[in-house]
Amino acid sequence: DAGVTQSPTHLIKTRGQQVTLRCSPKSGHDTVSWYQQALGQGPQFIFQYYEEEERQRGNFPDRFSGHQFPNYSSELNVNALLLGDSALYLCASSLGVGETQYFGPGTRLLVL
Amino acid sequence: GNSVTQMEGPVTLSEEAFLTINCTYTATGYPSLFWYVQYPGEGLQLLLKATKADDKGSNKGFEATYRKETTSFHLEKGSVQVSDSAVYFCALSDRANQAGTALIFGKGTTLSVSS
């Protein structure tokens, strides 16, 4: 039973560029959440998707956007990258909005 | 608003020592509480959870009890191993917001166990 998978594992971008991160949920899960984890900090909630709609959003600017596909996989897009966007981006999936979230290994983004 | 406060680390212990990592929370509704563990260079793994007051979550020798009266969810283990060295995160999800369920994390506590 495959767990949550994310791609790519690492990414280097320059300021002002755009990036797309991808997530495939655990088999049978229909809800995907995205988190940003800065070095030495706890993860911060970005947004959650269910039934292809954004259900809840954290305190992140509009430069952060997402999408959920009919197969429940999801993308996180970040426009106009800033140095401060350098972080580990974690995807979590759950069977339903209120259920336990299981995390993927993350994508480490470095913005130069 | 909702928040989680963890004891600051690092926590340094010898193998077979007793572990306690304190966690307290603030929530407007009736949250579920979680402990996640992060090993170096990896994502988060669910360690244990509790969904209502007085529930005890347990896994791999770790346990934590949901104490509503003290708004706490302290993590304990009777005898730690070197392989327990990792960063531990306490988290809550507040089901009061029915539209979605964000996890709110503490800052994490680094545990280092030496042989």
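Everything below is about the structure printed above this text.
For the structure given in this document, a descriptive report is provided here. (Residues numbered from 1 in each chain as written. Chains lettered and ligands numbered in written order. Predicted model: local features only at pLDDT ≥ 70, side-chain atom pairs only at ≥ 80, totals over all residues. Heavy atoms only, no water.)

Let's talk about unusual backbone geometry
All names here are of chain A.
- That bond from Ser 7 to Pro 8 is cis: its omega, -10°, falls within 30 degrees of zero.
- As for its position among the elements, Pro 8 is in the loop between β1 (5-7) and β2 (10-13).
- Non-glycine residue Glu 52 carries a positive phi angle of around 65°.
- By the secondary structure assignment, Glu 52 is in the loop between β5 (44-50) and β6 (53-57). (Helix = DSSP H or I, 4+ residues; strand = E, 2+ residues; numbered from the N terminus.)

Regarding the interface of chain A and chain B
- Each side of the interface is counted separately: chain A has 20 residues, and chain B has 19 residues.
- Of the roughly 1500 Å² buried between chain A and chain B on both sides combined, carbon and sulfur atoms contribute 53%.
- For the chain A face of the interface with chain B, the top three residues by lost area are Gln 56, Thr 100 and Phe 103 of chain A, together amounting to 29%.
- Seen at the junction of chain A and chain B, the total is zero salt bridges. (Contact = heavy atoms within 4.5 Å. Buried area = accessible area lost by both parts, 1.4 Å probe. Salt bridge = Lys/Arg side-chain N within 4 Å of Asp/Glu carboxyl O.)

Remarks on the sheet that holds β1 of chain A
All names here are of chain A.
- Here four strands make up an open sheet; going across it, the order is β1-β3-β8-β7 and the pairing antiparallel. The strands lining the two open edges of the sheet, one partner per strand, are β1 and β7 (64-68). Ignoring which end each strand starts from, the neighbouring axes of this sheet average 20° apart.
- In the sheet, β7 pairs with strand β8 (residues 74-78) via five bridges, with the strands oriented antiparallel. Counterpart to Gly 66 in the pairing with β8 is Leu 76. (Pairing = 2+ DSSP bridges. Axes fitted to C-alpha atoms, helices over the stretch in contact; angles between N-to-C directions.)

Focus on the environment of Asn 59 of chain A
Residues and elements named next belong to chain A.
- Relative to the helices and strands, Asn 59 resides in the loop between β6 and β7.
- Its relative accessible area of 79% is what places Asn 59 among the exposed residues.
- Sequence-wise, Asn 59 and Cys 23 are 36 residues apart; in three dimensions their C-alpha atoms are separated by 21 Å. (Buried < 20%, exposed > 50% of the residue type's maximum accessible area, 1.4 Å probe, protein only.)

Here's the deal with the packing of aromatic side chains
- Overall, the coordinates contain 12 aromatic pairs over all chains when judged by the stated rule.
- Plain terms: the ring middles of Phe 62 of chain B and Tyr 88 of chain B are 5.7 Å apart, the flat faces sit at 40° to each other, and that makes the pair tilted. Here the residue Phe 62 of chain B occupies a position in strand β8 (residues 62-65), and Tyr 88 of chain B occupies one in strand β10 (residues 86-93), the gap between them amounting to 26 residues. With respect to burial, Phe 62 of chain B and Tyr 88 of chain B carry one shared label: buried.
- Following the ring pairs from residue to residue traces out a cluster consisting of Tyr 35, Phe 45 and Phe 103 of chain A together with Phe 34, Tyr 36, Phe 89 and Phe 105 of chain B.
- Across the ring face of Tyr 102 of chain A, the terminal group of Lys 26 of chain A is positioned such that the distance to the ring centre comes to 5.9 Å. (Phe/Tyr/Trp six-rings, centres within 6.5 Å; stacked < 30°, edge-to-face > 60°. Lys NZ or Arg CZ within 6 Å of the ring centre and 35° of its normal.)

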